[in-house]
Amino acid sequence: MKKTTLLLAGAACLFAFQANAKEFMEFKPYVGIDYAYSKAGLKKGLNSYDNKFNSGIINAGVEMGENVGLEAFFQQTGERKKHRDDNTYKSQYNAYGLDMYGYLPMGCEGKFNLLGSLGLGIYDFDMKNVDNKVTTTRVGYRAGIGAQYNFTDHFAARVMGRYGYIGADSIKYVEELTAGVRYTF
């Protein structure tokens, strides 16, 4: 009798889980575009280079349920020039990678979300002047916090602050502030 009751209770739990599986495993793919203002932590000997960048970011991701998401990104900065001591110092970088997001819905019928992210990015820095060229490619760890407002089921706006630890000899970190829009399918 106890084994039969336990078996029936287990079957009931399995069917209850399957009934809620659609809601539990709801995948919502999205694409987005962001503007980013970045500041790189350069080694002391590289202070002739401009370390502040404006860039564009394109991303594609998927929200998995209400609280978790995964996002791939590509970021490209414009070339920065700084003139000093009859020399021109040029710097730029691009980055690409993957971030895991956590969403915490707040009031407003779930339209407002607090965000947290952890991820990895591959950063390619190019710095050159008349005398030399420094190229650095490193994997960096990224962490960010922010907020997102969902105007409709398809359109949202997001603001994030992010810190990326690169740990290279020439570039130690990147701090950035991003703002952008998302379209969810």
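The rules behind these values
Residues numbered from 1 in each chain as written. Predicted model: local features only at pLDDT ≥ 70, side-chain atom pairs only at ≥ 80, totals over all residues. Heavy atoms only, no water. Phe/Tyr/Trp six-rings, centres within 6.5 Å; stacked < 30°, edge-to-face > 60°. Helix = DSSP H or I, 4+ residues; strand = E, 2+ residues; numbered from the N terminus. Lys NZ or Arg CZ within 6 Å of the ring centre and 35° of its normal. Salt bridge = Lys/Arg side-chain N within 4 Å of Asp/Glu carboxyl O. Buried < 20%, exposed > 50% of the residue type's maximum accessible area, 1.4 Å probe, protein only.

> What's the story with the packing of aromatic side chains in this structure? I'm lost.
We describe a pair of aromatic rings using the distance from one ring centre to the other and the angle between the two ring planes. Under the criterion given, the structure shown has nine aromatic pairs. On the numbers, 6.3 Å between centres and 40° between planes, the contact of Tyr-93 with Tyr-123 is tilted. Highlighted residues: Tyr-93 in strand β5 (residues 87-106) and Tyr-123 in strand β6 (residues 112-128), separated in sequence by 30 residues. Counting every residue linked through ring pairs, the aromatic cluster contains Phe-53, Tyr-93, Tyr-123 and Phe-125. The residue whose ring lies beneath Arg-142 is Phe-73, and the NZ or CZ to ring-centre distance is 4.0 Å.

> Please clarify how the pattern of salt bridges should be interpreted in this entry.
Side chains that carry opposite charge are capable of pairing whenever their charged atoms lie near each other. Scanning the entire structure with this criterion turns up seven salt bridges. In this structure, Arg-182 and Asp-34 form a salt bridge, with 3.0 Å as the shortest nitrogen-oxygen distance. Pair noted here: Arg-182 is in strand β9 (residues 171-184) and Asp-34 is in strand β1 (residues 27-42), with a separation of 148 residues, a long-range link. As far as burial versus exposure is concerned, Arg-182 and Asp-34 are alike and both buried. A salt bridge links Arg-142 to Glu-176, with the nearest nitrogen and oxygen atoms 3.8 Å apart. Of the two residues, Arg-142 sits in strand β7 (residues 133-150) while Glu-176 sits in strand β9, which places them 34 residues apart along the sequence. Look at Glu-176 and you get buried, because its relative accessible area is 6%. Here the residues in one salt-bridge network are Asp-34, Glu-71, Arg-158 and Arg-182, joined through shared partners.

> When you look at unusual backbone geometry in this model, what are you seeing that I'm missing?
With a phi angle near 55°, Asp-85 is a residue other than glycine that sits in the positive phi range. By the secondary structure assignment, Asp-85 is in the loop between β4 (80-84) and β5. The phi torsion at Asp-86 lies on the positive side, around 55°, for a residue other than glycine. Among the structural elements, Asp-86 can be located in the loop between β4 and β5. Asp-86 sits in the exposed class, given a relative accessible area of 86%.

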